[in-house]
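# Topology and contacts: notes
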Amino acid sequence: MPDPLKTPETARTGWPAAVDGPATNSPTSGRGIPAGRSAQLAVLSSLAERARIRGAAALVTGPAGIGRSTLLDAFLQEQAHHSTVLRTRCPATSQDDAWCTVHALLKDAGFGTPVGTRPTAGAGQDMPPRRFHGAVTQLAAQGPLIIAIDDVHRSDVHSLHCLDFSLRRSSDLPLMVVLTQPSESAAFEPRTLTRLLAQRHWELIELAPLTPREVAEVVERRLGRTPEPDFLRQCSQSSRGVPALLHQLLDELGGDPEGAVGAARTTSRRLTGQALADDLLRLPYPVPPLLVAMAVLGVTDAQLLGELTHIPVPTVRRVVSGLNERQILVPDGSRFASESLRECLLRSVEQQELHTLGVRGARLLEDAGRPPGEVADVLLGLHTPAEPWMLEVLNRAARCAQDSGRPDSAVRYLTHALAVGADSDPGSVRAIRVRLTEVLSATDPCAALPHLDILLTSSEDSEDLAATTMRYANTLVLLGHNGRAARLLAEVLGRPRLPRQGVVGIEDEHRPMLESALLMSGVVEHSSAGWVRERGDALPHPRSPEQAEDDSPGGRRLRLTQAVLSVLGGNSATTVREQMRTALTGPRTPLDDMSLIASAMVLHLTDDNEASLGILDQIVREAGPTESTSETAALMTRAAVRFGTGDLPTAEADARRAVLLSSERPGGQENTAALTVLSGILVMRDLDATEAVLAEVTHPEAERSSWEYPSFLWIRAALQRERGLLDAALLSLRACGRMLRLNGTENPVLMPWWVDAADLLVTLGRTGEAQEVADHGEALAKNWGTSRSTGLVLLARGLAAGGRRGRELLAEACAVLADSPARVLHARAEFALGAALLEAGDQRAARIRLRTALDLMIRCGAEVPAQRAHELMSAAGGRPRPMSGHPADALTASERRVAALAAAGSSNAEIAETLFITRRTVELHLTHVYRKLGVSRRGDLTEVLAEGGEGVPSPNQ
């Protein structure tokens, strides 16, 4: 056997290769100098020079992947020609193998045999340290000696004793010792290593992350060219200056890394977690099993971790405290700071062991009364058939997640419960599937359909079948498949009421709710509107609350739906109000949101806008995070109501909010109904914006709707007319009317296309056709009987008649509409009368009407028609102010002067004296100012006038 104290020649020049990556080449020295480590390499070289006289020691530390081994390799490569190098890297298993480290050191020096064997009782345990020191002494006698141990924290205790023994006796030897250790392991290093590092002066070399300039140097050398600045910035941010991560990042991004900048952040996060996990799992016992237990449980509770790992609680607390000090945990120490680290730790465990730990861990959490979500998160990692208590926990966790506005978590728990509970009790599995469809219907309707199919075909009683059918129909409506929903409801309602041959039917108590849903969904789609109307007409119609025998929520909802059909059919507004009264009164459960929204629209069409807005305001105000569909529909309807009452800016804000909400739903596509409503408002405010919004409306989806596509055609006609495309506008209007007629929609105020058509035909010189269209509108409005419908008929007839008779009818329309809530229509009638008077040569009377029209249009925010009124008023000899788009445009010169003085603080008497007018005149002017500007008190004038660019003079001006 070779003499272990004999120094072979190869020991002076041989040294092991680099372990954790190549060093970059220095352009000056030709040696391997890692990027950004020149200063640290110089420190080591200086210590090596000093060690030749009186010895030296250095500890290189830094986080995982920072380049400790690479720096050590570069240093040893530099020293190999004039020093003997004993170098080893401690493997993860070396702690269990006595003298493993010193054996590797001497074997790599060429001795080939171990210094000692595993210790046995009474077998000369003091010999290995002495023999190791003898070898060190003999090697140092030949010249400078460097002992380098990489990852010394993994060294076995016996080897550390040997090294400690030798260093205490080597102060006069030309010996340098270099150790490397990750900074994360400092809190868990063996006590023997702690004593070793405390017994003499060690030069501490802490490696910091690379600077952006140093990162750029590495990347340029890897790619052989200068990359784009954005890519370098992304590399620096994603790698956080850690060399190992930087190299792995460049490797994984492939041959054209600059084309994969978007993947850099995700790749870096994963690599960081893996590198840290590898380093932490190499720490001494009991750190690795506790790390795995923390990853399984997702918590750091010392009592639970101790029970799961059978490690004493004080030891657990010490390890958790050490991890927290090293920022492995979040600041409060409750969980891992990196989810990627947790995932990597879980992947390091065999599946069978992981399953055993998961079951035990979940049970411990459940028995300890931890929140259901914590227990369920552990159960998500188990993929074998579940026990009943596991399904119950997953269901409870889903309920908590749903209640707290986390539907994605609820779906994850319930989907996993179905996967692992397929062989469990059918009732429990069905309850889980029902809850899953509830969540999915609101968040991902398409994903809910397969589950609804299963529930529908497996329903065993009438109540369950009715609930499942309603949920299925509502989901189809959310997806825009109204006709399909109506056909599904008709099929279920068509089954025998009593079970027959295994087929479950719908009993009488559940039929009204389904019948209502059928009518409401089917009437809005062109393909089903006809047969749905016939079905609705065949149902009994109670005329008063006393005649309504069924006061259940379903019965009231059915009566409301019948009221909606009456509105579309053009029945009298009085009849519809009575039907609404039977639906909205009663002591039972309130109607659901969609029924209330429909009732609000009906109330608006009967000119009861206050009640309509009250319902809609409440729905919008109380909408929760999972009720975006109801909120979107309420906002669209409120926008339509506000448009009808002449509040266009607020209506536009509602419509834009509805478009935004609909785009945030699964699929990310804006609701075409919301876009249509928005375009109908914009056509009065901004023609270019209207054109852009109409271009986004999906025609196939819109064309399925019995009202949406006619609305699109009606709005497009208005835009075409403003653009001067009169013939195209007329074609659009006739198509709109034709579709409404085919759908059975005969309400005169819902979509009065016939007024626009009559106006357009007169412009084209086709007065005979204009009269026919006006007569058609009069026939539609005959039964409705509201001031708005009467005013629309008078407006159409006045436009068609022309001459003196036409002006008389237009004047009558102005009077009727002035008493209605339809301010935009009132402004239109005033404009039409002003234009007719101007054409007849009565400029003075024309100016009065055009001024009224302009004031109304400005107050409503109808900027497009206001511009036309402004031009026509100028043609009539008026002197309107230049348009600024502010309500102050509606003020006359006298009103502006009075308003400015009032805003400056002048009293009515002071204003009268300043302007040489009576106090009564001042009061009249201020009344007009308040009405036109939408304010109710003097103190609001300053802000409103400032927004409009009005000066606020002092009382002395």
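The paragraphs below set out a description of the structure included in this document. Residues take numbers from 1 onward in each chain, read along the sequence in its written order. Totals for whole chains, interfaces and linings use every residue, but because this is a predicted model, local features are given only for residues with pLDDT of at least 70 and side-chain atom pairs only at 80 or more, for both listing and counting. Hydrogen atoms and water are omitted, and side-chain values are computed over all heavy atoms in the structure.

### What to know about the overall build of the chain
Spelled out, the test is: Strands are runs of DSSP state E lasting at least 2 residues, helices are runs of H or I lasting at least 4, and numbering of each runs from the N terminus. Accessible area is worked out with a 1.4 Å probe on protein chains only. A residue is then buried under 20% of its type maximum, exposed over 50%, and partly exposed in between. Should any heavy atoms of two residues lie within 4.5 Å, those residues are considered in contact. Only the protein chains shown count as covering a residue, and every accessible area follows the Shrake-Rupley method with a 1.4 Å probe.
On a plain count of helices and strands, the chain comes out with 47 helices and five strands. With 957 residues in all, the chain has 53% of them scored as buried. If you take every contact in the chain between residues at least 6 apart in sequence, the share linking residues at least 24 apart comes to 66%. Accessible surface computed for the chain: about 42,400 Å², of which carbon and sulfur atoms make up 51%.

### Digging into the pattern of salt bridges
Stated formally: The working definition used for a salt bridge is a side-chain nitrogen of Lys or Arg within 4 Å of a carboxyl oxygen of Asp or Glu.
Counted according to the given criterion, the structure contains 36 salt bridges. The partner of R805 in a salt bridge is E808, with the nearest N and O atoms 3.5 Å apart. Here R805 pairs with E808, and both are found in helix 40 (residues 803-818), just three residues apart, close to one helical turn. You can call R805 partly exposed: its relative accessible area is 45%. Looking at E808, the relative accessible area reads 43%, which means it is partly exposed. Among the charged side chains, a salt-bridge network with shared partners connects R68, D73, R87, R89, D150, D151 and R154.

### What about the packing of helix 28 (residues 593-605) against helix 29 (residues 609-622)?
Definition in use: As a rule, the C-alpha atoms of each element are fitted with a line to give its axis, helices using only the stretch in contact, and angles between N-to-C directions run from 0 to 180 degrees. What sets the label is the angle itself: under 35 degrees gives roughly parallel, over 145 gives roughly antiparallel, 65 to 115 gives roughly perpendicular, and the rest give oblique. A crossing counts as left-handed when the near helix is turned anticlockwise from the far one by less than a right angle, and as right-handed when that turn is clockwise. Polar here means any residue outside two lists: the nonpolar Ala, Val, Leu, Ile, Met, Phe, Trp, Tyr, Cys and Pro, and the charged Asp, Glu, Lys and Arg; Gly therefore counts as polar.
Relative to each other, helix 28 and helix 29 sit at 155 degrees, their axes nearing to 8 Å. The angle between helix 28 and helix 29 places the two elements in the roughly antiparallel class. Of the two elements, helix 28 crosses helix 29, and the hand of that crossing is left-handed. Residues D593, L596, I597, S599, A600, M601, L603 and H604 of helix 28 form the contact with helix 29, whose participating residues are N609, A611, S612, I615, L616 and I619. Partitioning the contact of helix 28 with helix 29 into residue classes produces nine nonpolar, four polar and one charged.

### Some thoughts on the environment of L558
When you line up the elements, L558 lands in helix 26 (residues 553-569). Given a relative accessible area of 14%, L558 falls into the buried group. Along the sequence, L558 and S516 sit 42 residues apart, while their C-alpha atoms lie 4.4 Å from each other. Residue contacts for L558: discarding those within four places in its chain leaves P512, E515, S516, L519 and L539.

### Describing unusual backbone geometry
Of note in the backbone geometry, R240 takes a positive phi value of approximately 55 degrees without being a glycine. Of note, the phi angle at F916 is positive, near 60 degrees, even though the residue is not glycine. Its location among the elements puts F916 in the loop between helix 45 (908-915) and helix 46 (919-933).

### Observations regarding the side chain of H153
Note on placement: H153 falls in the loop between strand 3 (145-150) and helix 6 (157-167). For H153, a relative accessible area of 0% translates into the label buried. If near-sequence neighbours (up to four positions away) are discounted, H153 is found in contact with Q95, Q181, P182, S185, P190, L193, R282, L283 and P284.

### Regarding helix 17 (residues 372-379)
Because each turn of an α-helix spans 3.6 residues, side chains separated by three or four positions end up pointing in the same direction. Rules: Arc definition: directions from the helix axis to the C-beta atoms.
Every buried residue of helix 17 is listed here: P372, V375, A376, V378 and L379. When helix 17 is viewed along its axis, its buried side chains cluster within an angular range of 155 degrees and face the same direction. Looking at the buried positions of helix 17, the neighbouring elements they touch are helix 12 (287-297), helix 16 (351-367), helix 18 (388-403) and helix 19 (407-420).

### What to know about the environment of D97
By secondary structure assignment, the location of D97 is in the loop between strand 2 (84-89) and helix 4 (100-108). Taking the C-alpha atoms as reference, D97 lies 9.6 Å from S159; in sequence the two are 62 residues apart.

### What about empty space enclosed by the protein?
Let me state the cut-off plainly: The pocket and cavity definitions rest on a 1 Å grid over protein atoms only: a 1.4 Å probe that fits but cannot leave marks a cavity, an open set with protein on both sides within 12 Å along at least five of seven lines marks a pocket, and residues lining either have an atom within 4 Å of a point. Grid points are joined across faces, edges and corners, and a volume is the space filled by probe spheres set on the points.
All told, the structure shown has two cavities of 30 Å³ or more when counted by the stated rule. Empty space within the largest cavity amounts to approximately 40 Å³. Forming the walls of the largest cavity are A48, A51, R52, Q79, S83, P144, L145, I146, P174, L175 and M176. At the level of elements, helix 2 (38-54), strand 3 and strand 4 (175-182) are the ones that each hand at least two residues to the lining of the largest cavity. The dominant element in the lining of the largest cavity, judged by the number of residues it contributes, is helix 2, at three residues. Space inside the second largest cavity adds up to approximately 30 Å³. As for the second largest cavity, its lining consists of T101, V102, L105, I149, S155, S159, L160 and L163. Going through the elements one at a time, helix 4 and helix 6 are the ones with two or more residues in the lining of the second largest cavity. Among the residues forming the lining of the second largest cavity, the class breakdown is five nonpolar, three polar and no charged.

### With respect to the packing of aromatic side chains
For clarity, the threshold we go by: In this scheme Phe, Tyr and Trp rings, the latter by its six-membered ring, pair at centre separations within 6.5 Å, and the angle between planes marks the pair as stacked below 30 degrees, edge-to-face above 60, and tilted otherwise. Two thresholds decide whether a charge sits over a ring: the Lys NZ or Arg CZ must be within 6 Å of the ring centre and within 35 degrees of the ring normal.
Summed over the entire model, instances satisfying the criterion amount to one aromatic pair. Arranged with centres 5.7 Å apart and planes meeting at 15 degrees, the rings of Y709 and F712 form a pair that is stacked. Linking Y709 with F712, this pair stays in helix 35 (residues 708-722), spanning three residues, or about one helical turn. Y709 gets classed as buried once you look at its relative accessible area, which sits at 14%. Residue placement shows R412 over the ring face of Y413; its charged tip is 5.7 Å from the ring centre. One residue, R868, lies across the ring of F831, its end atom 5.6 Å from the ring centre.

### Some thoughts on helix 22 (residues 462-478)
Using the following cut-off: Expected span of a helix, by definition, is 1.5 Å for each gap between consecutive residues, and there is one gap fewer than residues. Here a polar contact means two N or O atoms within 3.5 Å. Within protein one must be a hydrogen donor candidate and the other an acceptor candidate, and residues neighboring in sequence count only if both atoms are side-chain atoms.
Here helix 22 is 17 residues long and its end C-alpha atoms lie 24 Å apart, about the 24 Å a rise of 1.5 Å per residue gives. With 12 of its 17 residues buried, helix 22 lies for the most part within the structure. Residues of helix 22 that are buried: S462, D464, L465, A466, T468, T469, M470, R471, Y472, A473, T475 and L476. Turning to helix 22, the residues buried within the fold contact helix 20 (426-443), helix 21 (445-457), helix 23 (482-493), helix 24 (511-522) and helix 26. One side-chain oxygen of the residue at the start of helix 22 lies 3.2 Å from the amide nitrogen of E463, identifying that residue as D461. Of the residues trailing helix 22, G480 is marked for its positive phi of about 85 degrees.

### Some details on the pairing of strand 3
Heads up, the rule is: Strands are labelled as partners when DSSP assigns at least two bridges between them. Crossover handedness is defined here as right-handed if the route from the first strand over the helix to the second strand goes clockwise, with the strands pointing away from the viewer.
Within strand 3, six of the six residues are buried, which leaves it mostly tucked inside the rest of the structure. What you see with strand 3 is no split at all: L145, I147 and I149 on one side and I146, A148 and D150 on the other are buried throughout. Relative to strand 3, strand 2 runs parallel, the two being bridged by six bridges. Pairing of V85 across the sheet is with I146, part of strand 3. Here strand 3 runs beside strand 4; their pairing, made up of five bridges, is parallel. Across the sheet, residue I146 finds its bridge partner in strand 4, namely M176. Tracing the backbone out of strand 3, into helix 6 and back to the parallel element strand 4 gives a crossover that is right-handed.

### Overview of the packing of helix 8 (residues 212-223) against helix 10 (residues 243-252)
Between helix 8 and helix 10, the least distance of the axes is 11 Å, while the angle of their chain directions is 40 degrees. Remark: the crossing between helix 8 and helix 10 carries right-handed chirality. Across the interface between the two elements, V215, V218, V219 and R222 from helix 8 touch L246, H247, L250 and D251 from helix 10. Residue composition of the contact of helix 8 with helix 10, by class: five nonpolar, one polar and two charged.

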